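# Observations on chain architecture
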Amino acid sequence: MSIMVRQLRWEAADVVSVELAAADGRELPPWRPGAHVELVLPTGIARQYSLCGSPQDRSHYRIGVRRERLSRGGSEYVHAFLRPGQAVGLRGPRDNFGFRRAESYLFVAGGIGITPILPMVRQAEEWGLPWTLLYGGHRAESMAFLDELRAYPAGRVRLYPADGVGRIPLGEYFDPPRAATDIYACGPESLLDGLEKATSHWPAGALRLERFRARGRVSDRPDSVVEVVCARSNRTVTVPADRSILVALEDAGVPVAGSCREGVCGTCETRVLEGEPDHRDDILSDEDRAAGDRMFLCVSRARGDRLVLDV
C-alpha cells in the first residue's frame, strides 16, 4: 500500500511514534494485537515494526521506532528525515504472535518490545481479564508510552528501569507456574533467553515470544540439495546446498514474497503440501513445527531431498 505519514510524536528518549494513514482517507486493513507491518522507506529500505495503536481504530496505524545507535539505515531515516505528509510504502499487517483469549495474562516487555504488547494489554483490559505487565528498560527516560500505561489500575503495570530498581526479577514472577495463564513477551535477546529458562517448567505453549533478530538456529543435519516442487506454478526447482529456498525460487522466476531473510518477520510463510521441513525460524512454536504444514523459505530447508510447496 502507498501510505502517508500523518504524525510523528516524541514518546521517550530516542523513541518516536509514527502515525500512518491512507492518503484518500479510506480505512486500513484490520489487524489483531501482536501484528506488525513492513514499512518501505523512500530510500528503499524495508523494516518491520509492530502496530501499537488500537485495532478498533482503522483510520490509521501507529508504530514505535527506537533510534538505534548502530542503525542499518531504517531507524536513523525515520528519526532524522521522515516527516508528516511524506509518502511511504507499507506491507501487511502480518501476525506471528497469535494472541488468544486466556484466563489471565503475564506480559513482559523490554525496551521497544513494549510496542506489540500495548494492544494486548488494551485487549485484556477490555475483556475484563486479569493481567500484569512487567516492563523493563535501561532508564525510565527511555521507556516509551509510560503515560498510557499509568492510566491502567494500580498494580497492573510494574516498571523496572535498570538504573533505578534493577532488571525484572523473572524468578519472582514465574515460580511456581500459574494455571491457565499465557505469557507474551518481546524484547532483547538477553531478556527472552532468561524468560525461557524461568518458564521451562510451565505448560507447553504458555510462553509466546517475538524476537527482534534471528538467533541463528543450527540444524542437526548438513545442508544438501533439495528438489522443490512448486505446485501452483507447475515448476520444479533444484535448490543447491549453499542457497536458501527463497533465493533459489526467486532466481528461477517463481513469485515468492520475502523480507527479513532471517526467519523472524513471517513474510515468506508457505504451506507445505508434501515432505518434511527442517525448521530454522524464530517464529513457530514446537507444536507448529511438529505439524509440519508450513515453513519459512528464507531459512528453513528439508529433512529429506524433496518438498512440495503451495507456490
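Just so it is clear, the structure is predicted and the values come from calculations on it, not from any experiment.

## Here's the deal with the nonpolar core
- Formed by 29 residues in total, the largest nonpolar core has its most connected members in F107 and L133.
- Secondary structure elements with two or more residues in this core: strand 7 (104-110), helix 2 (114-127), strand 8 (131-137), helix 3 (146-149) and strand 10 (181-187).
- For this core, the element with the highest residue contribution is helix 2, accounting for six residues.
- Excluding residues that lie within four positions of it along the chain, F107 makes contacts with F99, I117, M120, V121, A124, W131, T132, L133, L134 and Y184.

## Quick word on the sheet that holds strand 2 (residues 15-21)
- Strand order in the open sheet formed by six strands is 4-3-6-1-2-5, with antiparallel pairing between adjacent strands. Sheet topology places strand 4 (46-50) and strand 5 (61-66) at the edges, where each strand pairs with a single neighbour. Neighbouring strand axes in the sheet, compared pairwise and without regard to direction, differ in orientation by 40 degrees on average.

## Focus on the packing of aromatic side chains
- By the definition in use, this model includes 13 aromatic pairs.
- With centroids separated by 6.2 Å and ring planes inclined at 45 degrees, the aromatic side chains of Y105 and Y184 adopt a geometry described as tilted. Taken together, the residues Y105 in strand 7 and Y184 in strand 10 connect sequence positions 79 residues apart. For the pair shown, Y105 and Y184 are each scored as buried.
- Here the aromatic cluster, defined as three or more aromatic residues joined through ring pairs, consists of F97, F99, Y105, F107, W127, W131, Y152 and Y184.

## Some words on unusual backbone geometry
- Note that the residue after G92, namely P93, is joined by a cis bond; omega there is 5 degrees.
- Considering the arrangement of structural elements, one finds P93 in strand 6 (residues 87-94).
- Of note, the bond from D175 into P176 is cis; its omega dihedral lies within 30 degrees of zero at 5 degrees.
- Mapped onto the secondary structure, P176 falls in the loop between helix 4 (170-174) and strand 10.

Rules used throughout
Position numbers for residues count from 1 along each chain, tracking the sequence in the order it is written. With the structure being a predicted model, the display of local features is reserved for residues of pLDDT at least 70 and the display and counting of side-chain atom pairs for 80 or more, all residues being used for whole-chain, interface and lining totals. Excluding hydrogens and water, the side-chain values take into account all heavy atoms of the structure. In these notes, a set of buried Ala, Val, Leu, Ile, Met, Phe, Trp, Tyr and Cys residues joined through side-chain atoms within 4.5 Å is what counts as a nonpolar core. Relative accessibility decides the category of a residue: with a 1.4 Å probe and only protein chains considered, values under 20% of the type maximum give buried, values over 50% give exposed, and everything between is partly exposed. Helix numbering and strand numbering both begin at the N terminus, where a helix is a DSSP run of H or I of at least 4 residues and a strand a DSSP run of E of at least 2. Between two residues, a contact is recorded if the distance between any of their heavy atoms is within 4.5 Å. A strand pair is defined by DSSP finding two or more bridges across the two strands. Between N-to-C directions, angles cover 0 to 180 degrees, with each direction set by a line fitted to C-alpha atoms, over the stretch in contact for helices. Each aromatic pair joins two rings of Phe, Tyr and Trp (for Trp, the six-membered one) with centres within 6.5 Å, and gets the label stacked for planes under 30 degrees apart, edge-to-face for over 60, and tilted for any other angle.

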